[in-house]
Amino acid sequence: MKQEYYAHIRPDPEEPEKVDYQTVKDHLLGTAERCAAFAGAFQAEQAGRAVGLVHDWGKCTPGFQKRLLCDGPKVDHATAGALLCASRGQLLPAACVAGHHGGLADVGSQGDKSGPTLFARLKKGVGDRLLEQCGDPGIPVPEFPREPLWRSRLQMSFWTRMLYSCLVDADFLDTEQFMNGDRGRGRYDSIETLLARLEEHIASWQKPETELNRLRCEILNTCMEKGGQPRGIYTLTVPTGGGKTVASLAFALRHAKEHGMQRVIYVIPYTSIIDQNAAVFRDILGEQNVLEHHSGVQFDLEDGAPPEQVRRALAAENWDVPVVVTTAVQLFESMYANRSSKCRKLHNLANSVVIFDEAQMLPLAHLRPCVAAMASLAEQFRSTVVLCTATQPALDDLLHTYAPGCTVTELCPQTAQLYDCFRRVTFRQTGKLEDETLAAQLAEHDQVLCIVNSRKAAQSIFDKLPREGSYHLSTLMVPAQRKTRIEEIKVRLRKGEPCRVVSTSLIEAGVDVDFPAVYRELAGLDSILQAAGRCNREGKRPAKESVVTVFERTELPPVLFRTAVGAAREALGKDRDPGAPETMDRYFHSLRSLSGETLDKQGVVQAFEKGIEGCELPFRTVAETFRLIDQNTCTVYVPYGEGAALVQQLRDGGCSKSLYRKLGRYGVTVYEQHFRALYQAGALMTAGEIPALDSRSAILTDMNLYDPTMGLSLEPETGRAEFV
């Protein structure tokens, strides 16, 4: 009698004392069909089915069956399937199968005899005769297709992660279906339905009563018409106020419908910008069809959570919703990740429209790996990529390097002639200003916004303003308080009350405020134009009366800003117009020139193109290295307002994901040297005292160091605070 092998067991929902069994055969077949369907999005259906059929082959062993049925010791059940792949010359599928729980390992080299590399693992599996221990799951070993013809190892790495994503999501979903039944996944409206809703939403806009609205309609309709264009790489360059958010959505939905594409992914540089875009999409398309996924969003999977909240939480695991709004950090770090939890969603980027909003804000130090990832989506995975911004960066050369088969096409070439029509401000360059002189000029305005490059500068200038009607904003204030303060500012602006604000760049993007005058310290030209978007935002005043003053402080700008400041200074020379498209083009070329070869700070692309010592495909090494935002920062949780109760929960031993997400609204990010200074002053309670904290976070215990107006002090007096 043929032995039956089991992959999973679960208590019978009707009779808990009994258990139900899922055979290895059923699990392999179910996973294979899902994996094949996912991989079909980038024409790798056969490879997807093959890895699905072998991924749990190693469960057909006495050791695993003892583990499952008798609570025996843990055993390696993934290497056997990887050996099956490798024995047929399929190294990349072998990497996917071997890592479907623990993550993609560095491939290593054939000489590896020990260690964490794939080759070492396969060699050990051969020595342990893992395949000989496996019984028959009841299905034949599948035929693997030929691997695609790779132009580079970088292409190989992207394809491997995408296949890996298909496998881990299929494995999770098949297991979930058996263990939990239907959890409410899917059931979204179709792309055709979403497009119809958008068309209904914009129907009333087609009879514009003003010239600006006529121009916005022209841009919108052009994007809608261009939806029938072939898949590829596009730019959408729309002046500020031109309605690019809805216009880009119109192109994406029409394009997705025309080409049978799966979804629209909207990638935004910072979480501060996401809320308003996601709200617009939800209003047009329906709450259930839009997933907002970033570090600041809390998903509730606890008992008693509403079904819609549960469904959003499940969608965040694999992005199977029609419209996803996420951050550049979330997307790019996932595209270079190696762990199943981060890679699981990647396959849903294939055969989709991926829009990069505010594309000029891609970090220069990581521009090459970001562009390479974008290019791979278009060239390898049948996606369409759109770079959407008012200030288009000069990326054509990099895009051609990594996607030579794709041309870069502008969706609205007519907008180059529309910048003057949308102009709402007048720029004025004043050169260097002493802080006292600057503060005196600000004090002459009833309502004015001043944006500077550092938190220290913001505090210095604010100190010199009259307190009545003056506000200070910086990331030294907890986010919950900043949000409240910004709402106060909006109210004063609407009522016409005195309102002078000194802020760091946090207010530039995604904060809907409208000042009659703005001062901006010289920074990157894109930042200057973002700041200008806070002046006369509603277009209710003449442009000549809405002045954006660009100035320099007498102190040197922070090191992180100096390259961008130098490029802006060169681009704005000879009194060039900051708002002109040719000035922006000049700026980005100057920025690239001044940056030299520092477009891949962490050597991510080179690690795959040239390999690292002893390894051609360093999946794990790159995943552990690549961070879009530098990690030399720490978090200080401040027991301010409602944050006091949350901090107390942490001190009492709470450590749930839900608690940490709520605590994020009361956390201040500081550099390591400031963290150490606060600790040495006895102002922090750290991981040594509170196990729920990690080594890069702490609780502020001396509230004398947190001022409601200025935020957290970074210069405590040593010994001033008491140890708790």
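Residues numbered from 1 in each chain as written. Predicted model: local features only at pLDDT ≥ 70, side-chain atom pairs only at ≥ 80, totals over all residues. Heavy atoms only, no water.

Looking at the layout of surface pockets
- Of the volumes computed, that of the second largest pocket is approximately 650 Å³.
- When residues of the lining of the second largest pocket are traced back to their parent elements, those giving at least two are β3 (233-237), β9 (408-410), α18 (419-422), α22 (525-532) and α24 (581-595).
- With four residues, the single largest contributor to the lining of the second largest pocket is α24.
- Per-class residue counts for the lining of the second largest pocket are 21 nonpolar, nine polar and six charged. (1 Å grid on protein atoms, 1.4 Å probe; cavity = no way out; pocket = protein on both sides within 12 Å on 5 of 7 lines; lining within 4 Å. Points joined across faces, edges and corners; volume = space filled by probe spheres on them. Helix = DSSP H or I, 4+ residues; strand = E, 2+ residues; numbered from the N terminus. Nonpolar A, V, L, I, M, F, W, Y, C, P; charged D, E, K, R; others polar.)

With respect to the state of the cysteines
- On inspection of all chains with the given rule, the structure shows zero disulfides.
- Cysteine cysteine 535 is unpaired, with the sulfur of cysteine 450 as its nearest cysteine sulfur at 13 Å.
- The exposure class of cysteine 535 is buried, given its relative accessible area of 1%. (Disulfide = S-S within 2.5 Å. Buried < 20%, exposed > 50% of the residue type's maximum accessible area, 1.4 Å probe, protein only.)

Thoughts on the sheet that holds strand β15 (residues 547-553)
- An order of β10-β15-β14-β11-β13-β12 is seen for the six strands of this open sheet, with the pairing classed as parallel. One side of each edge strand has no neighbouring strand; the edge strands of this open sheet are β10 (426-433) and β12 (470-473). Adjacent strand axes in the sheet meet at a mean angle of 15°, parallel and antiparallel pairs treated alike.
- Here five bridges tie strand β11 (residues 447-451) to strand β13 (residues 499-503), and the two strands are oriented parallel to one another. (Pairing = 2+ DSSP bridges. Axes fitted to C-alpha atoms, helices over the stretch in contact; angles between N-to-C directions.)

A word on a nonpolar patch on the surface
- A cluster of nonpolar side chains, namely Val19, Tyr21 and Leu69, defines an oily patch on the protein surface of about 260 Å² accessible area.
- Take leucine 69: it is sitting in helix α3 (residues 62-70). (Patch = residues over 30% accessible without salt bridge, like charges linked within 9 Å, V, L, I, M, F, W, Y side chains within 5 Å. Areas by Shrake-Rupley, 256 points an atom, 1.4 Å probe, with all protein chains shown as cover. Salt bridge = Lys/Arg side-chain N within 4 Å of Asp/Glu carboxyl O.)

So, the sheet that holds strand β7 (residues 353-357)
- Ordered in space as β5-β6-β4-β7-β8-β3-β9, the seven strands form an open sheet in which the pairing is parallel. Every interior strand has two partners, whereas the edge strands, β5 (290-293) and β9, have only one. Pairwise comparison of adjacent strand axes, ignoring direction, gives a mean angle of 20° for this sheet.
- Of the strand pairs in this sheet, strand β4 (residues 264-268) and strand β6 (residues 323-327) are connected by five bridges, and their pairing is parallel. Across the sheet, the residue bridging to valine 267 is threonine 326, located in β6.
- Packed on one face of the sheet, helix α14 (residues 328-335) meets β4, β5, β6 and β7 and runs near 90° to β6. (Contact = heavy atoms within 4.5 Å.)

As for empty space enclosed by the protein
- All told, the structure shown has two cavities of 30 Å³ or more when counted by the stated rule.
- There is about 40 Å³ of room inside the largest cavity.
- What lines the largest cavity is Ala95, Ala98, Gly99, Gly103, Ala105, Leu118 and Arg121.
- Within the residue set of the lining of the largest cavity, elements represented by two or more residues are α5 (91-98) and α6 (118-127).
- When its residues are assigned to classes, the lining of the largest cavity shows four nonpolar, two polar and one charged.

Considering the nonpolar core
- Ranked by internal contacts, the top residues of the largest apolar core, which has 102 residues, are Phe42, Leu331, Phe332, Tyr336 and Phe356.
- Broken down by element, this core gets its largest block of residues, twelve residues, from helix α8 (residues 153-180).
- Not counting residues up to four positions away in its chain, the partners in contact with tyrosine 336 are Phe158, Arg161, Pro369, Ala372, Ala373, Val604, Val605, Val622, Ala623 and Phe626.
- Listed in part, the 67 residues of the second largest apolar core include Val425, Ile507, Val550 and Ala567. (Core = buried A, V, L, I, M, F, W, Y, C linked by side-chain atoms within 4.5 Å.)

Things to note about the packing of aromatic side chains
- Tallied over the full model, the rule gives 13 aromatic pairs.
- Both rings, one in tyrosine 640 and one in tyrosine 706, keep their centres 5.3 Å apart while their planes meet at 50°; by these two values the pair is tilted. Of the two residues, tyrosine 640 is situated in the loop between β16 (633-637) and α27 (643-651) and tyrosine 706 in strand β20 (residues 706-707); the sequence distance between them amounts to 66 residues.
- Among the aromatic residues, those joined into a cluster by ring pairs are Phe158, Tyr336 and Phe626.
- When the ring centre of phenylalanine 178 is taken as reference, the NZ or CZ atom of arginine 10 above it lies at 4.7 Å.
- The ring of tryptophan 319 carries lysine 345 above its face, with NZ or CZ at 5.4 Å from the centroid. (Phe/Tyr/Trp six-rings, centres within 6.5 Å; stacked < 30°, edge-to-face > 60°. Lys NZ or Arg CZ within 6 Å of the ring centre and 35° of its normal.)

Digging into the pattern of salt bridges
- One pass over the structure, following the stated rule, counts 41 salt bridges.
- Note that lysine 124 and aspartate 128 form a salt bridge whose closest N and O atoms lie 2.7 Å from each other.
- A salt bridge links lysine 342 to glutamate 333, with the shortest nitrogen-to-oxygen separation between them at 3.4 Å.
- By relative accessible area, which is 33% here, lysine 342 ends up partly exposed.
- Judged by its relative accessible area of 10%, glutamate 333 falls in the buried class.
- A cluster of three or more residues bridged by salt bridges with shared partners is formed by Asp169, Glu176, Arg185, Glu317 and Arg344.

Details of the pairing of strand β14 (residues 517-521)
- The buried fraction of β14 is high, at five of five residues.
- Side chains Ala517, Tyr519 and Glu521 of β14 all project onto a buried face; the interleaved residues Val518 and Arg520 project onto the opposite face, where all are buried too.
- Across three bridges, the pairing between β11 and β14 is parallel. Looking across to β14, one finds that leucine 449 is bridged to valine 518.
- Note that β14 and β15 share five bridges and pair parallel. Across the sheet, residue glutamate 521 finds its bridge partner in β15, namely phenylalanine 551.
- Each parallel crossover has a hand, and the one from β14 via α22 to β15 is right-handed. (Right-handed = clockwise from strand over helix to strand, strands pointing away.)

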